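Fold and geometry: a report
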Amino acid sequence: MLHIALIAHDRKKEEMVNFAIAYETILAQAKLFSTGTTGARIMEQTNLQIHRFLSGPLGGDQQIGARIAEDQMDLVIFLRDPLMAQPHEPDIIALLRLCDVHNIPVATNLATAEVLIQGLRAGFFGWRDGLGERK
Ligand SMILES: O=C(CO)COP(=O)(O)O
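For clarity, every value in this text was computed on a predicted model and none was experimentally measured.

Cut-offs applied
- Residues numbered from 1 in each chain as written.
- Predicted model: local features only at pLDDT ≥ 70, side-chain atom pairs only at ≥ 80, totals over all residues.
- Helix = DSSP H or I, 4+ residues; strand = E, 2+ residues; numbered from the N terminus.
- Rg over C-alpha atoms; globule rule 2.2 N^0.38 Å.
- Near = placed C-beta within 6 Å.
- Nonpolar A, V, L, I, M, F, W, Y, C, P; charged D, E, K, R; others polar.
- pLDDT = per-residue confidence, 0-100.
- Axes fitted to C-alpha atoms, helices over the stretch in contact; angles between N-to-C directions.
- Parallel < 35°, antiparallel > 145°, perpendicular 65-115°, else oblique.
- Left-handed = near helix turned anticlockwise from the far one by under 90°.
- Contact = placed C-beta atoms within 7 Å.
- UniProt positions renumbered as here; feature names shortened; annotations may be inferred.
- Buried ≥ 20, exposed ≤ 12 C-beta atoms within 10 Å, placed from the backbone.
- Arc of directions from axis to C-beta.

Notes on the overall build of the chain
Within the chain one finds six helices and five strands. Secondary structure elements in the chain, listed N-terminal to C-terminal, are β-α-α-β-α-β-α-β-α-β-α. Expected size for 135 residues packed as a compact globule is a radius of gyration near 14 Å; at 13 Å, the chain falls within 12% of this value. Taken along its principal axes, the extent of the C-alpha atoms in the chain is 35 × 30 × 25 Å.

The following block contains the structure:
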């Protein structure tokens, strides 16, 4: 089963919730992870079950980064806010860097997220599925 991380900064959370509602059926077929508040918001408004890590500023990005480093994440959708400074900017950069280190598909805006989720629906993630051990 594919592992997907869903993360959104505050001003992008509504976009993320709407994305999760729109693609709930596809997302329900994966194992979902998120930072604390993003996951809570999505679970309030969908029937999706999400493993929530800590809130981003408290270390949630680093926890997801650790999963990426262990090759336990297959897709990252991270709707970040490009117009507001974040106190945990270094953690955000580290997470995105690890996606590049480990060649993990990552979307940082809704347009790319749409393309990737369509790719998921079309079966383009077959190369990821079944890669390595999944915890
Ligand atoms: O800050 C975040 C990602 O950098 C998101 O954290 P929350 O989902 O807890 O708001």
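Next, the rest of the story.
Some words on the site of the ligand
By nearness alone, every residue bordering the ligand is listed as Ile-7, His-9, Thr-35, Gly-36, Thr-37, Thr-38, Ser-55, Gly-56, Pro-57, Gly-60, Asp-61 and Ile-92. Mapped onto the shell around the ligand, the elements with two or more residues apiece are helix H3 (36-45) and helix H4 (60-69). Along the lines of polarity and charge, the residues of the shell around the ligand split into three nonpolar, eight polar and one charged.

What to know about the confidence of the model for the chain
Considering every residue of the chain, the mean pLDDT works out to 95; 96% of them sit at 70 or more. Across the interfaces of the predicted complex, the ipTM metric reaches 0.98, alongside a pTM of 0.96.

Observations regarding the packing of helix H1 (residues 13-22) against H3
Interhelical geometry of H1 versus H3 gives an angle of 45 degrees and a closest axis separation of 9 Å. In terms of axis orientation, H1 runs oblique to H3. Here the hand of the crossing between H1 and H3 comes out right-handed. Residues Lys-13, Met-16, Val-17, Ala-20 and Ile-21 of H1 touch H3, and the partners they reach there are Thr-38, Arg-41, Ile-42 and Gln-45. Counted by class, the contact of H1 with H3 contains five nonpolar, two polar and two charged residues.

Let's talk about the UniProt feature "binding site: substrate" (unreviewed entry) in the chain
According to UniProt, the feature "binding site: substrate" (unreviewed entry) maps to His-9, Lys-13, Thr-35, Gly-36, Thr-37, Thr-38, Ser-55, Gly-56 and His-88 in the numbering used here. Position of Ser-55 among the secondary structure elements: in the loop between strand S3 (50-52) and H4. We classify Ser-55 as partly exposed; it has 16 C-beta atoms within 10 Å. Its location among the elements puts Gly-56 in the loop between S3 and H4. Assessed through the 28 C-beta atoms surrounding it within 10 Å, Gly-56 is described here as buried. Setting aside residues no more than four positions away along its own chain, Gly-56 makes contact with Ile-7, Thr-35, Asp-61 and His-88.

Quick word on H4
When we look at burial in H4, the residues that qualify are Gly-60, Asp-61, Ile-64, Gly-65, Arg-67 and Ile-68. Summarising the axial view, the buried residues of H4 lie within an arc of 155 degrees, below the 170-degree limit, and thus occupy one face. Looking at the buried residues of H4, the elements they touch are strand S1 (3-8), strand S2 (31-34), H3 and helix H5 (89-101). Phi turns positive one or two residues past the end of H4, at Asp-71, with a value near 60 degrees.

A closer look at the packing of H4 against H5
Between H4 and H5, whose axes approach to 9 Å, the crossing angle comes to 15 degrees. The angle between H4 and H5 places the two elements in the roughly parallel class. Crossing hand, H4 versus H5: left-handed. Counted together, Asp-61, Gln-62, Ile-64, Gly-65, Ile-68 and Ala-69 of H4 and Asp-91, Ile-92, Ala-94, Leu-95, Leu-98 and Cys-99 of H5 form the full contact between these two elements. Each residue belonging to the contact of H4 with H5 can be placed in one class, and the counts come to eight nonpolar, two polar and two charged.

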